[in-house]
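Summary of structural features
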Amino acid sequence: MNTLFSGLLVMVGVFFLLGGQVPPPQTLVQRWWSRQPRETESSSEANRDRKKAKAKAWVTEQSLAVLGWSPEGLRLLSMACAALVGIGWGLAMANPIAGVMMAVVGWQLPGFYAELRAAGALTARGHQIATFIEIFADAVEIGRPAGAAVEAAALAVTGPPLESEAQALIRRVNGGASITEALTILGDAIRLPLWDLFVDLVRLNQYTVNRADVFRDLDWQLQENDRVQVEFRTLIMAYMALLTVFFGIMLGAGPLEAITEPHLWHFVTTRLTFIPLILTIIAIIVFSGLRKYGRMRIAL
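Residues numbered from 1 in each chain as written. Predicted model: local features only at pLDDT ≥ 70, side-chain atom pairs only at ≥ 80, totals over all residues. Heavy atoms only, no water.

**Points about the overall build of the protein chain**
Filter applied, for reference: A run of H or I in DSSP becomes a helix once it reaches four residues, and a run of E becomes a strand once it reaches two; helices and strands are each numbered from the N terminus. Categorising residues by exposure relies on relative accessible area from a 1.4 Å probe, with only protein chains included: less than 20% of the type maximum marks a residue as buried, more than 50% marks it as exposed, and the intermediate range marks it as partly exposed. Any two residues whose heavy atoms approach within 4.5 Å are treated as being in contact. All accessible-area figures derive from a Shrake-Rupley calculation using a 1.4 Å probe, and residue coverage is judged against the displayed protein chains alone.
Along its length, the protein chain carries twelve helices and zero strands. A burial count over the protein chain gives 37% of its 300 residues as buried. Counting only contacts in the protein chain whose residues sit at least 6 apart along the sequence, the fraction spanning at least 24 positions is 74%. If you sum the accessible surface of the protein chain, you get close to 16800 Å²; carbon and sulfur atoms cover 64% of it.

This is how it looks when you write it as structure tokens:
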């Protein structure tokens, strides 16, 4: 029984750590007596919720685009995971309501996995773009023509996710396509504002004045941006690791109690049915925190 209550105490602490709170009575009274402000606040909150929902959907769409996954396949996988997690948790907790509630987590698992995978791919892509522009700036600085600089930079991009696009860039340039056109096609796969600026600078470098220092400045800006993103993503991963530990404690507290003290667990699931429900609710809250920070890694 100590295991179960220790897990519950940890969950309550994580709940408040994530910002769970009850509005003070004064706020409730003000909302009850002041109808017009309440409607204005509700409208503002509804707009804010719609913006958050669009932002979340955008992050998931970006993740699927980076990985090359289809939304339909993700939806089918989410349905299967929701059914499996819901049924499994309902049996473990001996509570069908808890199973239905935990199905929400099962539904989000494939999207969460996709976002984690995409965050790693985006980090690698940022390194490769920074390397590309750095090699290009080095080549232009020593007087090499733009075509040779592009080829040297593309050859420095090895491994996923941009190796195939870099090889296609070399083939287009060697096949007679203009450098800016080939770089623009690569930019369609990258979808990075700084890359568009890089293409414009290459165009100006070809038709107006040949200056290597502008590429060096862009390289420095991209390197700094990449460094800051890596630092933020590292901090987010550390916090996600902490939440993952708490989430594992919550998921394991009930089954561990059922194994070590089956008679007591039977009493909890038949007489104290609110405990499995509390366990499930806080588990959902902690998983929501995990996915929130996972999406932040994509949005950086």
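**A few points about the packing of aromatic side chains**
Where two aromatic rings form a pair, the distance of their centres and the angle of their planes describe that pair. For clarity, the threshold we go by: Between 30 and 60 degrees the pair is tilted, below 30 it is stacked and above 60 it is edge-to-face, where a pair is any two Phe, Tyr or Trp rings, Trp via its six-membered ring, whose centres lie within 6.5 Å.
Considering all chains together, one arrives at eight aromatic pairs under this definition. The interplanar angle of 50 degrees and the centroid separation of 5.0 Å between the aromatic rings of W195 and F198 together place this pair among those described as tilted. With W195 and F198 both in helix 9 (residues 193-207) and three residues apart, the pair spans about one turn of that helix. This pair shows no difference in class: W195 is buried, exactly as F198 is. Taken together, the ring pairs connect F132, F136, W195 and F198 into an aromatic cluster.

**A closer look at empty space enclosed by the protein**
Heads up, the condition is: With a 1 Å grid spanning the protein atoms alone, the term cavity applies to any set of points in which a 1.4 Å probe fits but cannot get out, the term pocket to an open set with protein on both sides within 12 Å along at least five of seven lines, and the term lining residue to any residue with an atom within 4 Å of a point. Grid points are joined across faces, edges and corners, and a volume is the space filled by probe spheres set on the points.
Inspection of the entire model under this criterion finds one cavity of 30 Å³ or more. Put simply, the largest cavity is a space of about 60 Å³. If you trace the largest cavity, you find it lined by Q128, I129, F132, V157, L162, A166, L186, I190 and W195. Contributions of two or more residues to the lining of the largest cavity are made by helix 5 (96-141) and helix 8 (179-190). Per-element accounting of the lining of the largest cavity gives the leading share, three residues, to helix 5.

**Concerning the pattern of salt bridges**
Side-chain pairing between opposite charges can occur once the charged atoms of the two side chains come close. Heads up, the rule is: Between Lys or Arg on one side and Asp or Glu on the other, a salt bridge is scored when a side-chain nitrogen of the former is within 4 Å of a carboxyl oxygen of the latter.
For the structure shown, the criterion picks out three salt bridges. Between R291 and E115 there is a salt bridge; the shortest N-O distance is 2.9 Å. Residue R291 is found in helix 12 (residues 274-299), and its partner E115 is found in helix 5; the two are separated by 176 residues along the sequence. The exposure class assigned to R291 is buried, which follows from its relative accessible area of 9%.

**Notes on the environment of I298**
With respect to the helices and strands, the residue I298 is situated in helix 12. We classify I298 as buried; its relative accessible area is 5%. Expressed as a C-alpha distance, the spacing of I298 and E115, which sit 183 residues apart in the sequence, is 7.1 Å. In this view, I298 contacts V59, Q62, S63, E115, A118, A119 and L122; residues no more than four positions away in its chain are not counted.

**What about the packing of helix 5 against helix 10 (residues 213-260)?**
So the rule is basically this: Note on geometry: axes are C-alpha line fits, over the in-contact stretch for helices, and angles between N-to-C directions span 0 to 180 degrees. Orientation categories follow fixed angle ranges, with anything under 35 degrees roughly parallel, anything over 145 roughly antiparallel, 65 to 115 roughly perpendicular, and all other angles oblique. For any pair of crossing helices, the crossing counts as left-handed if the nearer helix is rotated counterclockwise from the farther one by less than a right angle, and right-handed if it is rotated clockwise. Think of it as three bins: nonpolar holds Ala, Val, Leu, Ile, Met, Phe, Trp, Tyr, Cys and Pro, charged holds Asp, Glu, Lys and Arg, and polar takes everything else, Gly as well.
The geometry of helix 5 relative to helix 10 is characterised by a closest axis approach of 10 Å and an angle of 160 degrees between their N-to-C directions. When the interaxial angle is binned, helix 5 and helix 10 end up roughly antiparallel. Read as a crossing pair, helix 5 and helix 10 show a hand that is left-handed. When its residues are assigned to classes, the contact of helix 5 with helix 10 shows 18 nonpolar, four polar and seven charged.

**Structural notes on the environment of L201**
Relative to the assigned elements, L201 resides in helix 9. For L201, a relative accessible area of 18% puts it in the buried group. As a C-alpha pair, L201 and L218 span 17 residues in sequence and 9.5 Å in three-dimensional space. When neighbours within four sequence positions are excluded, L201 is seen to be in contact with V214, F215 and L218.

**Thoughts on the side chain of Q108**
Structurally, Q108 can be placed in helix 5. Apart from the residues within four sequence positions on either side, Q108 is in contact with F287 and R291.

**Regarding helix 4 (residues 71-93)**
To be explicit about the condition: Helix span, as expected, comes to 1.5 Å for every residue beyond the first.
Over its 23 residues, helix 4 runs 32 Å from end to end, which matches the ideal 33 Å to within 8%, given 1.5 Å per residue. Buried within helix 4 we find L74, S78, A82, G86, W89, G90 and M93. At the C-terminal side of helix 4, A94 shows a positive phi close to 55 degrees.

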